[in-house]
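In case you want the letters, here they are:
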Amino acid sequence: ERIVKVVENVPTVFDTSLLKPFIEILPPNLPERQKRIIVDHLRASTFLLADGVLPSNKDAGYILRRLLRRALVCEHLNNLSPQTFESIIIEVIKNYGIFYPELERKDEIINSYWVEREKFAKTLEKGVKEVYKFSEINASTAFNLYETFGISLDIIKDLAPDKISKLTDKAFEEEFKKHQ
């Protein structure tokens, strides 16, 4: 991607012919940072699903789950249509399928995405309500949201940036270690 960026003489990898088709599927008024998160996470998730990885709480499945959920939070924050993400996944399959035969498992990939999406929708709905109950979120509260609702620190930062002014990654990790 960096080589293509240089060859195509564009400002970022997201402006290259590799990623721009996916960015263009998203609404133009969406914040640039969120466009990049969505595209990067959905593309990576598509390849993981093509390799047979399924969302779980262990190993590569955990990474996949975190990628999908972070993108889904962006969808939630911006009231995007669920079909928008499926369109991006289909476009990834179309654009890279020639080079990656694993992507021929299109129906399995899309089905796995929808299954995880439905699971997380319930979690997100409950978690968002909880996040918004607090006027400020400290490390202990953040860890409780993570443990109880599966709302990761990244997601808390995306949902309530105004409520975490004193919350640090280090403090959150300390809470996690206490729990262990």
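Residues numbered from 1 in each chain as written. Predicted model: local features only at pLDDT ≥ 70, side-chain atom pairs only at ≥ 80, totals over all residues. Heavy atoms only, no water.

*Asks:* For this particular structure, what's the right way to read the pattern of salt bridges?
*Replies:* Proximity of charged atoms lets side chains of opposite charge pair with each other. According to the stated counting rule, one finds 14 salt bridges in the structure shown. D158 is the partner of R33 in a salt bridge, and the nearest nitrogen-oxygen pair spans 3.8 Å. With a gap of 125 residues between them, R33 in helix α3 (residues 32-50) and D158 in helix α8 (residues 153-159) connect regions that are remote in the sequence. What makes D158 buried here is its relative accessible area of 13%. Close ionic contact of D169 with K157 constitutes a salt bridge, the shortest N to O distance being 2.6 Å. With a gap of 12 residues between them, D169 in helix α9 (residues 169-179) and K157 in helix α8 connect regions that are remote in the sequence. (Salt bridge = Lys/Arg side-chain N within 4 Å of Asp/Glu carboxyl O. Helix = DSSP H or I, 4+ residues; strand = E, 2+ residues; numbered from the N terminus. Buried < 20%, exposed > 50% of the residue type's maximum accessible area, 1.4 Å probe, protein only.)

*Asks:* Would you explain unusual backbone geometry in this entry?
*Replies:* When glycine is set aside, most residues are seen to have a negative phi, and most peptide bonds are trans. With phi around 55°, N9 is a residue other than glycine that occupies positive phi space. Within the element layout of this structure, N9 appears in the loop between α1 (2-8) and α2 (20-23). Its relative accessible area of 69% is what places N9 among the exposed residues. Unlike most non-glycine residues, D59 shows phi in positive territory, near 50°. Structurally, D59 can be placed in helix α4 (residues 59-77). You can call D59 exposed: its relative accessible area is 69%.

*Asks:* How should I be thinking about a nonpolar patch on the surface in this particular structure?
*Replies:* On the surface, a nonpolar cluster with roughly 380 Å² of combined accessible area is contributed by I98, F99 and Y100. Position of Y100 relative to the elements: it lies in the loop between α5 (82-96) and α6 (106-133). (Patch = residues over 30% accessible without salt bridge, like charges linked within 9 Å, V, L, I, M, F, W, Y side chains within 5 Å. Areas by Shrake-Rupley, 256 points an atom, 1.4 Å probe, with all protein chains shown as cover.)

*Asks:* Which parts of the structure should I look at to understand the packing of α4 against α6?
*Replies:* Two measures define how a pair of helices packs: the angle their axes make with one another and the distance between the axes. Relative to each other, α4 and α6 sit at 60°, their axes nearing to 10 Å. Overall, the two elements α4 and α6 adopt an arrangement that is oblique. For the element pair α4 and α6, the recorded crossing hand is right-handed. Within the contact between the two elements, α4 uses R65, L68, R69, L72, V73, E75, H76 and L77 and α6 uses Y113, E116, R117, K119, F120, L124, V128 and Y132. (Axes fitted to C-alpha atoms, helices over the stretch in contact; angles between N-to-C directions. Parallel < 35°, antiparallel > 145°, perpendicular 65-115°, else oblique. Left-handed = near helix turned anticlockwise from the far one by under 90°. Contact = heavy atoms within 4.5 Å.)

*Asks:* Any chance you could explain the nonpolar core here in plain terms?
*Replies:* The tendency in soluble globular proteins is for nonpolar side chains to be buried as a group. Residues I38, F85, I137, I151 and L159 are the most contacted members of the largest nonpolar core, which totals 52 residues. Mapped by element, the contributors of at least two residues to this core are α2, α3, α4, α5, α6, α7 (139-149) and α8. When near neighbours in sequence (up to four residues on either side) are disregarded, I151 contacts T123, L124, G127, V131, A142, L145, Y146, I156 and L159. (Core = buried A, V, L, I, M, F, W, Y, C linked by side-chain atoms within 4.5 Å.)

*Asks:* I'm lost on the packing of aromatic side chains in this one. Help?
*Replies:* What characterises a pair of aromatic rings is the spacing of the ring centres plus the angle enclosed by the ring planes. Enumeration according to the criterion identifies 10 aromatic pairs in this entry. Look at Y113 and W114: their rings are 5.4 Å apart centre to centre, the planes differ by 70°, and that puts the pair in the edge-to-face class. Accessibility expressed as a relative area gives 1% for Y113, which makes it buried. Seen from their ring centres, Y146 and F176 are 6.2 Å apart, and the 55° between their planes marks the pair as tilted. Placement of Y146 in helix α7 and of F176 in helix α9 is noted, with a sequence separation of 30 residues between them. The structure contains a cluster of three or more aromatic residues connected by ring pairs, namely F22, F47, Y96 and Y100. (Phe/Tyr/Trp six-rings, centres within 6.5 Å; stacked < 30°, edge-to-face > 60°.)

*Asks:* Even after reading the chapter, I still don't get the packing of α5 against α6, so can you show me in this structure?
*Replies:* As a packed pair, α5 and α6 sit with axes 11 Å apart at the nearest point and diverge in direction by 150°. Classed by the angle they form, the pair α5 and α6 counts as roughly antiparallel. Between α5 and α6 the crossing geometry is right-handed. Contacts between α5 and α6 involve P82, Q83, F85, E86, I89, I90 and I93 on the former and, on the latter, K106, I109, I110, Y113, W114 and R117.

*Asks:* Before we go on, may I ask you to explain the environment of E175 in this structure?
*Replies:* Looking at where E175 falls in the secondary structure, it is placed in helix α9. We classify E175 as buried; its relative accessible area is 18%. Ignoring anything within four residues of it in the chain, the contact list for E175 reads A139, S140 and F143. For E175, the side chain forms a polar contact with the side chain of K178, separated by 3.2 Å. (Polar contact = N/O pair within 3.5 Å; in protein donor to acceptor, adjacent residues only side chain to side chain.)

That's the geometry; what it means functionally is another story.
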